[in-house]
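# Topology and contacts: notes
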Amino acid sequence: IDDLAEIDYSLNSLPAVFRPYIDLDLKGIVYPGGNYTVPPFVAAPFTVPDPSDSMLYLAFSEYFFQTSSFAYYTAGAFNITIAEETCNYFNISTEIFGSIIPEVAQYSVTPYPVMLKLMATETPIISLQQDSFTLEIQGCMEVFAVLPDSTTQSLFTMNIAANTSIAVNIFDQKLMGSLCLNRLQYSLTHSNVGFFEVSLLENILSYILQTEVIPSANAKLSKGFPLP
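Definitions and limits used
Residues numbered from 1 in each chain as written. Predicted model: local features only at pLDDT ≥ 70, side-chain atom pairs only at ≥ 80, totals over all residues. Heavy atoms only, no water. Buried < 20%, exposed > 50% of the residue type's maximum accessible area, 1.4 Å probe, protein only. Helix = DSSP H or I, 4+ residues; strand = E, 2+ residues; numbered from the N terminus. Pairing = 2+ DSSP bridges.

Another aspect to go through is the pairing of strand β8 (residues 132-146). Summarising burial for β8: eleven of the 15 residues are buried, a large majority. In terms of strand pairing, strand β7 (residues 125-128) meets β8 through four bridges, oriented antiparallel. Counterpart to leucine 128 in the pairing with β8 is phenylalanine 133. In terms of strand pairing, β8 meets strand β9 (residues 152-171) through 15 bridges, oriented antiparallel. Within β9, the residue paired with glycine 139 across the bridge is isoleucine 160. Between β8 and β9, which pair antiparallel in sequence order, lie five residues; one of them, serine 150, sits at a positive phi of approximately 75°.

With that out of the way, let us pick up the pairing of strand β6 (residues 114-120). The buried fraction of β6 amounts to five of the seven residues, a majority that puts the element mostly inside the structure. Sheet topology places strand β5 (residues 80-82) next to β6; three bridges connect them, and they run antiparallel. Paired with threonine 81 across the two strands is lysine 117, which belongs to β6. Pairing analysis gives seven bridges linking β6 to β8, with the strands arranged antiparallel. Within β8, the residue paired with valine 114 across the bridge is alanine 145.

Dropping the structure here:
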């Protein structure tokens, strides 16, 4: 797929040949690049509706998407660093945080650029829906001040629970997707600036996710998964 993951489309069994059609039972397992450890999921059997008016039917089970999530989580694809330069472009600094959270203003009197680190803390959970699937991501975000000597100082860390949906389509022999954020919940886990109400950050967090994280994820999803 890319430098982070690989797909095994080998046959599980011999092709089943019938008069009107042929059934091919493929593995459809996604592994972290170079790591072929069996994913911690059980592939449940499923059936494809009887062929009717199309030449080819291609069905993916929830297991395929679960192994995809596990592979990319293991490879660190859900860990994102939003660097100082990007934050400067979007005018995000300790001064902005300080205007929202008085504790930050008291802690950091001098305005500094910031750096954000987001990471998934467990394998994202995938559930198939009618025309899409949901992706539940449990993670955390740590906010750093970038000091003049380029060292960083942690300001606070938050737990984040994101509910997203991914619409899928097939184009140019690839399975592609588009991510949409449905719901976001967060809580303060550690703070070097003192306790504050995390609800104060709702607008700025949504802005960061919608302008940086979601577009970055969609750029990767637009490259697609190669089909057999």
